[in-house]
Amino acid sequence: MRVWYFSEMAYHPSWEKGLKTGSLRVNFPNKAVDPHEAHKLLHRYLDEFRACDEAGLDIMVNEHHSTATCMTVSVPMALAIIARETKTSRLLSLGNPIANRPDPVRVAEEMAWLDVLSGGRLEMGLVKGAPYEIHPANSNPARLMRRYWEAHDLIVKALSTTDGPFNWEGEYFHYRNVNIWPRPIQQPTPPIWMTGLSVESGIMAAERGHVIGTLLSGSAAGPMFSAYRKRSAELGRTAGTDRFAYAACVGVGATRAEGYRRADIIAEYVRTSVVVAEPFTNPPGYNSVNANVAMMKGGSKGFVKDRLGNPVDQRTATLEQFMDAGTVFAGSPDDVYTQIKALNDRVGGIGHLLFFGQGGHLDHKDTLENIRLFGREVMPRLRELNPAPSQKQAAAE
Amino acid sequence: MPKTCKVSGVDLELEERGKGRPLLFLHAGEGLGADRPWLERLAQKFRVIAPAHPGFGGSALPDWIGTVEDLAYLYLDLAAKLELKDAVLVGASFGGWIAAEMAVRNTAAFSNIVLAAPLGIKNGSHTDRDIADMHSLSREEVVARAWADPTKGHFDAARFSDAELAQIARGRESLALFGWKPYMHNPRLKRWLHRIDKPTLLLWGDHDRIVTPAYGQGFVSEIKSARLEVIKDCGHYPAWEQPTAFAEHIAGFAA
């Protein structure tokens, strides 16, 4: 198993204010940001990413918009800095919300540039994005995935074509001259990742052989991974564990109590990140008709469920509830390893843990200790669990 | 009972009732609605033809349809197929936008045009919100802006079967497809409104705060023979909130 540290680079100093207004995203006015405080925080967070290289961890960066929960507005911008500051970590962009991007060729250029800059360490996530990203981008939520797939196919073609230029006259995107310079080191493209929560996402990723990542809910991961394996088998392929990624908050400490304390602070991120004004949570067309019917009948219950399948309210869940749901791994290094192993077994094997190791109020010292202790005490044992194929092997396959 | 009519390869669900002059009714973004009080009232004077737009109700939404321009041509084809002559074209809200797009292209089948709180044009500056952003406001706020009596606008999912809820969800998605960006308007439409060469009635609820009567002046100023009439105690949906007055205004105008 590989482990990818990530942090959303939150602007937590304004969370309390946002919670009082009922929305941390989209319509929370940005006067609640002190840009000088943000300056300090961004440097601090980038230092924490750098520490992962020394700790033997890989690095993931994501992005959100118009929100106090995440100051990363551009994955490529953050990864460009991190690529220069690290030597061995692989760098995962998870990712570019390509159905919200007006210019897929620009995405391909940025990804190729990052792959070149990092010496071929890039992994490239092409994601649908969360529902509350629709309004800041003002992308049409109807036919979102149709636009996603056109952008996806164009990006893959732009990265892998070496004898261009080629033209592209599609439904959504139009170019007369695609010919990106430089081209990526990893050919035909850096490894491609998708994200999802549903069986349908598992099937779509399986058909392309992409890595599929999900988050915070063992109950969602299990059926999605299972659908991926089944679809792969139908297509005559074996889906190795390296096709599956799972994101969870992790708090590890020298003692169980210290690990719980850190995890509970990080979990505060999960409790607050869903606080967003109602109209932005379900733009029409983002979710399927069937999902919308269920929401109209029963209200939205969220996707995090406990082991018995009961919904867990992200806003109010206790650390214990989150641990039961697979949202959080917490405790001593032994505890954390045991919990990750249990989830791994429950969902049929995961090849990548997306280690959400800093959330909001967890301070710099605690974050560094969380990263280093994980790297020293947990990481070596996880490497033995579902060992990752070497990059050369992966490239040969 | 609704029937199905194939127009330019698209299966449209169609409600048809009454006798007399044909009246093509183009519904608002909320669909034909479970309650259709406007239908029987209009049907006392007209032969009402009310299609569900592609993606709404039981109408198909083929991949190749995705703009209001497509809908305008589709309904012009419908008018030709039904051989409509001397007909009344009525469009409500989103349907008013479609009707205006039809009328700038071809009014041959129609003698009168009624636009009831139509969307579709841009009047103000870049930062003026001409059309309330129904997709950014809470449901309560949308209802408060759209109804003179907000209690009438309450949505009760328990009234509907799963199949009906699925149609409602599909309709909401379709409305987004046609009107998300630019938001519920065509930046070029106002420039071409002068081409509408038939008497045109703008109908507006005095309590409409989705688009106010002042927004309607943008149509009145561009369409040569247009006038605007206000319906009292009425919000954005005269056909639903004041169906009797709605039908009377239309009958008086198109008599």
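Structure's up top.
Residues numbered from 1 in each chain as written. Chains lettered and ligands numbered in written order. Predicted model: local features only at pLDDT ≥ 70, side-chain atom pairs only at ≥ 80, totals over all residues. Heavy atoms only, no water.

Taken as a whole, this structure holds 39 salt bridges over all chains when the rule is applied. A salt bridge links Asp162(B) to Lys297(A), with the nearest nitrogen and oxygen atoms 2.8 Å apart. Placement of the pair is Asp162(B) in helix H5 (residues 162-179) and Lys297(A) in helix H10 (residues 289-298), with the two residues belonging to separate chains. The class of Asp162(B) is partly exposed, set by a relative accessible area of 42%. With a relative accessible area of 52%, Lys297(A) lands in the exposed category. (Salt bridge = Lys/Arg side-chain N within 4 Å of Asp/Glu carboxyl O. Helix = DSSP H or I, 4+ residues; strand = E, 2+ residues; numbered from the N terminus. Buried < 20%, exposed > 50% of the residue type's maximum accessible area, 1.4 Å probe, protein only.)

The partner chain A presents 23 residues to the 24 residues of chain B that form the contact. Summed over both sides, the interface between chain B and chain A buries roughly 1,800 Å², with carbon and sulfur atoms accounting for 59% of that surface. Contact with chain A buries surface across chain B, with Glu173(B), Leu177(B) and Trp180(B) losing the most and accounting together for 32% of the total. Inspection of the chain B/chain A interface yields two salt bridges. Counting every contact that joins chain B to chain A gives 12 residue pairs in polar contact (both at pLDDT 80 or more). Per-class residue counts for the side of chain B that touches chain A are 13 nonpolar, four polar and seven charged. (Contact = heavy atoms within 4.5 Å. Buried area = accessible area lost by both parts, 1.4 Å probe. Polar contact = N/O pair within 3.5 Å; in protein donor to acceptor, adjacent residues only side chain to side chain. Nonpolar A, V, L, I, M, F, W, Y, C, P; charged D, E, K, R; others polar.)

What follows is about the packing of aromatic side chains. All names here are of chain A. Applying the stated rule across the entire model yields 21 aromatic pairs over all chains. Where tyrosine 5 meets phenylalanine 355, the ring centres are 5.6 Å apart and the plane angle is 80 degrees; that geometry is what we call edge-to-face. Remark: phenylalanine 355 occurs in strand E11 (residues 352-358) and tyrosine 5 occurs in strand E1 (residues 2-7); sequence separation between them is 350 residues. Taken as a pair, tyrosine 5 and phenylalanine 355 share a single burial class, namely buried. Between the aromatic rings of phenylalanine 6 and phenylalanine 356, the centroid separation amounts to 4.5 Å while the plane-to-plane angle is 35 degrees, which identifies the pairing as tilted. (Phe/Tyr/Trp six-rings, centres within 6.5 Å; stacked < 30°, edge-to-face > 60°.)

Our next topic: empty space enclosed by the protein. All names here are of chain B. Within this structure, the stated rule accounts for two cavities of 30 Å³ or more. As for the largest cavity, its lining consists of Phe25, His27, Ala28, Gly31, Leu32, Trp38, Ala92, Tyr237, Pro238, Ala239 and Trp240. Broken down by class, the residue content of the lining of the largest cavity amounts to nine nonpolar, two polar and no charged. Empty space within the second largest cavity amounts to approximately 30 Å³. If you trace the second largest cavity, you find it lined by Gly29, Glu30, Ser93, Phe94, Leu119, Met134, Leu175, Met184, His236 and Tyr237. In terms of residue class, the lining of the second largest cavity is made up of six nonpolar, three polar and one charged. (1 Å grid on protein atoms, 1.4 Å probe; cavity = no way out; pocket = protein on both sides within 12 Å on 5 of 7 lines; lining within 4 Å. Points joined across faces, edges and corners; volume = space filled by probe spheres on them.)

A few words now on helix H7 (residues 199-208) of chain A. An α-helical turn contains 3.6 residues, so a residue and the one three or four places further along point in the same direction. Residue and element names in this part refer to chain A. For H7, the complete set of buried residues consists of Ser201, Gly202, Ala205 and Ala206. Projected onto a plane normal to the axis of H7, the buried residues spread over an arc of 135 degrees and lie on a single side. Where the residues of H7 are buried, they touch strand E7 (192-195), strand E8 (211-215) and helix H8 (218-234). Within two residues after H7, glycine 209 carries a phi angle of roughly 75 degrees, on the positive side. (Arc of directions from axis to C-beta.)

Moving on to the sheet that holds strand E6 (residues 110-116) of chain B. Residues and elements named next belong to chain B. The eight strands lie next to each other as E1-E2-E4-E3-E5-E6-E7-E8, forming an open sheet whose pairing is mixed. Lying at the two open borders of the sheet, with one neighbouring strand each, are strand E1 (3-7) and strand E8 (226-231). Each strand of the sheet is rotated relative to its neighbour by a mean of 25 degrees, with strand direction disregarded. By the bridge criterion, five bridges tie E1 to strand E2 (residues 10-17) in an arrangement that is antiparallel. (Pairing = 2+ DSSP bridges. Axes fitted to C-alpha atoms, helices over the stretch in contact; angles between N-to-C directions.)

Turning next to the nonpolar core. Ranked by internal contacts, the top residues of the largest apolar core, which has 210 residues, are Phe374(A) and Phe25(B). When sequence neighbours within four positions are dropped, the list of residues in contact with Phe25(B) reads Trp38(B), Leu42(B), Val48(B), Ile49(B), Ala50(B), Pro51(B), Val90(B), Ala92(B), Ala239(B) and Phe246(B). Among the nonpolar cores identified, the runner-up in size contains six residues, and Val293(A), Met296(A), Phe160(B) and Ala169(B) belong to it. (Core = buried A, V, L, I, M, F, W, Y, C linked by side-chain atoms within 4.5 Å.)

The next subject is the pairing of strand E3 (residues 91-97) of chain A. Side-chain positions along a regular strand alternate between the two faces of the sheet. All names here are of chain A. Counting buried positions along E3 gives seven out of seven residues, so the element sits mostly inside the fold. As paired strands, strand E2 (residues 58-61) and E3 are joined by three bridges and run parallel to one another. Paired with methionine 60 across the two strands is leucine 92, which belongs to E3. Taken together, E2, helix H3 (residues 75-85) and E3 constitute a β-α-β crossover, and its handedness is right-handed. Pairing between E3 and strand E4 (residues 122-127): five bridges, direction parallel. When the sheet's bridge partners are listed, asparagine 96 is paired in E4 with leucine 126. The parallel pair E3 and E4 is bridged by helix H4 (residues 104-117), and the resulting crossover is right-handed. (Right-handed = clockwise from strand over helix to strand, strands pointing away.)

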